[in-house]
Amino acid sequence: MRTSGSGSRPPTIADVARLAEVSRTTVSHALNGIGKVDPRTRERIKQVAAELGYRPNLRAQRLRRGEAKAIALASSMPFAVAGGPSRLGFYMEIAAAAAESALLHGYALVLVPPVQSGSALYSVDIDGAIVVEPDVNDAAAAQLRERGLPYVSLGRPVSPDDTSPYVDLRGGLVAELLFAHLREQGARRPALIVGSGSRHSSIDALAAYERVAERYGWTPVVASAPEAGGEQAGYESCAALLAEHPETDAVCALVDAFAVGAVRAVQDSGRSVPGDVMVVTRYDGLRARTCEPPLTAVDLHLDRAAAAAVELLLGRLRGEDAAAPVATAPEPRVVPRASSLRITSRA
């Protein structure tokens, strides 16, 4: 094996150029796949670089190109609903999948804490961002627009002036599937608890509930809770709902934190889950699986949805012309668990 002859010093582009008998510019072009370099010369340069153990200075490359080679994952959704005390919730599942997908394309993922106000997105060196389920007048989206950075949304944007590309998480279908499951299990007076914001998931679920209620002759009962309140907000909202509508026999608490609180409220009212009141939620995450009883939820295929969001964003960074591209997440699937299973078999 050839060496640079410089002891423990890391090999440089000059060492590669000297041993390959070409200029440093030619080495740079060959290793970065740019410029017009004879294929045989390109291969010789790559072989020499490999033998020397040469690694390009990525920081220098990025500075020359004016690129950070990093994208951000941001949301205005508070950790009380996006992650919770364990931080292993909805937001982090998306982050893990998005980071893996971004890395395959040579980008790092910067995870930004919940953007409520302040300047969280002004201080990070990024080329663009994915905004998770933006609310109306979303703070994260607003900061990105002010910086002139491209972004895409995971979940349909709800602000009238937000025309960013997005991945459709099929909020209406998710709610319809949950209410269809509840009906199959015997529910006749189900209620809906949503976040008090205006994210697509709440808006779409409410519209779907109204459609289903009209179809089956149900009287809609809807309550809302502040996202930042987490499980306690879900508890208080469900307790008030049951006090006002004691005939309620099922609760679809869209946010998993709310659903955990709802289970506790049902039990504290002297009722049983699912015997008296069934409880279901939207996101099949850690909270749903570890609740007692475990919560019926929906597999949203967040890994594939997050990867689709990365692809949409990188397409924007490459300048691909797409005025309003929409990627659709895979078909959601209800994951039945003990919180709603009254009917286990049929004749």
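Data block above holds the structure.
A brief structural summary.

What counts and how
- Residues numbered from 1 in each chain as written.
- Predicted model: local features only at pLDDT ≥ 70, side-chain atom pairs only at ≥ 80, totals over all residues.
- Heavy atoms only, no water.
- Helix = DSSP H or I, 4+ residues; strand = E, 2+ residues; numbered from the N terminus.
- Buried < 20%, exposed > 50% of the residue type's maximum accessible area, 1.4 Å probe, protein only.
- Contact = heavy atoms within 4.5 Å.
- Pairing = 2+ DSSP bridges.
- Axes fitted to C-alpha atoms, helices over the stretch in contact; angles between N-to-C directions.
- Right-handed = clockwise from strand over helix to strand, strands pointing away.
- Parallel < 35°, antiparallel > 145°, perpendicular 65-115°, else oblique.
- Left-handed = near helix turned anticlockwise from the far one by under 90°.
- Nonpolar A, V, L, I, M, F, W, Y, C, P; charged D, E, K, R; others polar.
- Phe/Tyr/Trp six-rings, centres within 6.5 Å; stacked < 30°, edge-to-face > 60°.
- Lys NZ or Arg CZ within 6 Å of the ring centre and 35° of its normal.

1. Overview of the side chain of Ser101
Along the chain, Ser101 falls in helix H6 (residues 90–104). In this structure Ser101 comes out as buried when scored by relative accessible area, which is 9%. Non-local contacts of Ser101, meaning those with residues more than four positions away in its chain, are made with Ala307 and Val310.

2. Examining the sheet that holds strand E7 (residues 222–225)
The strand order across the open sheet formed by six strands is E7-E6-E8-E9-E10-E12, and the pairing between neighbours is mixed. Each end of this open sheet is capped by a strand with a single partner; those strands are E7 and strand E12 (333–335). Across the sheet, the mean angle separating the axes of adjacent strands is 25° when strand polarity is ignored. With four bridges joining them, strand E6 (residues 190–195) and E7 adopt parallel strand pairing. Paired with Val194 across the bridge in E7 is Ser224. Strands in contact with helix H8 (residues 171–184) are E6, strand E8 (250–253), strand E9 (278–283), strand E10 (296–299) and E12; relative to E9, the strand with the most contacts, it is inclined by about 160°.

3. Observations regarding the pairing of strand E3 (residues 128–132)
Of all five residues in E3, five are buried; the element is thus mostly enclosed. Residues Gly128, Ile130 and Val132 line one face of E3 and the alternating positions Ala129 and Val131 line the opposite face, and both faces are buried. Assessed by its sense of winding, the connection that carries the chain from E3 through helix H7 (residues 139–147) to strand E4 (residues 151–154) is right-handed.

4. Comments concerning the pairing of strand E1 (residues 70–74)
Within E1, five of the five residues are buried, leaving the element largely enclosed by the surrounding structure. By the alternation rule, side chains of E1 split into Ala70, Ala72 and Ala74 and Ile71 and Leu73, which are all buried. Direction of pairing for E1 relative to strand E2 (residues 108–111): parallel, over a ladder of four bridges. Its bridge partner being in E2, Ala70 is matched across the sheet by Ala108.

5. Section: the environment of Leu242
The residue Leu242 is located in helix H10 (residues 230–244) in this model. Spatially, the C-alpha atom of Leu242 lies 8.6 Å from that of Ala265, the residues being 23 residues apart in sequence.

6. Here we look at the packing of H6 against helix H13 (residues 302–317)
Close contact between H6 and H13 brings their axes to 8 Å; oriented N to C, the two are set at 50°. By the angle between their axes, H6 is oblique relative to H13. Where H6 crosses over H13, the two elements pack in a sense that is right-handed. Residues Phe90, Glu93, Ile94, Ala97, Ala98, Ser101 and Ala102 of H6 touch H13, and the partners they reach there are Leu302, Asp303, Ala306, Ala307 and Val310. Within the contact of H6 with H13, the residues separate by chemical class into nine nonpolar, one polar and two charged.

7. Brief notes about the sheet that holds strand E11 (residues 326–328)
Here we have six strands laid out as an open sheet, ordered E2-E1-E3-E4-E5-E11, and parallel in their pairing. Edge positions in the open sheet fall to E2 and E11, since each of these has one partner strand only. Sheet twist, expressed as the mean angle between neighbouring strand axes with direction ignored, is 25°. Where strand E5 (residues 166–168) meets E11, three bridges bridge the pair, whose relative direction is parallel. By the bridge assignment, Val167 is partnered in E11 with Ala327. H6 contacts E1, E2, E3 and E4 of the sheet and is inclined by roughly 160° relative to E2. Taken strand by strand, H7 contacts E1, E3 and E4, and its axis lies near 165° from that of E3.

8. Section: the packing of aromatic side chains
This structure, assessed with the given rule, holds four aromatic pairs. An aromatic cluster is built from Phe179, Tyr209, Tyr216 and Trp218, whose rings are joined through pairwise contacts. Lying over the aromatic face of Tyr216, Arg183 brings its terminal NZ or CZ to 3.9 Å of the ring centre. Between Arg215 and the ring centre of Tyr216, over which it is positioned, the NZ or CZ distance is 5.7 Å.

Read these as geometric descriptors, not functional statements.
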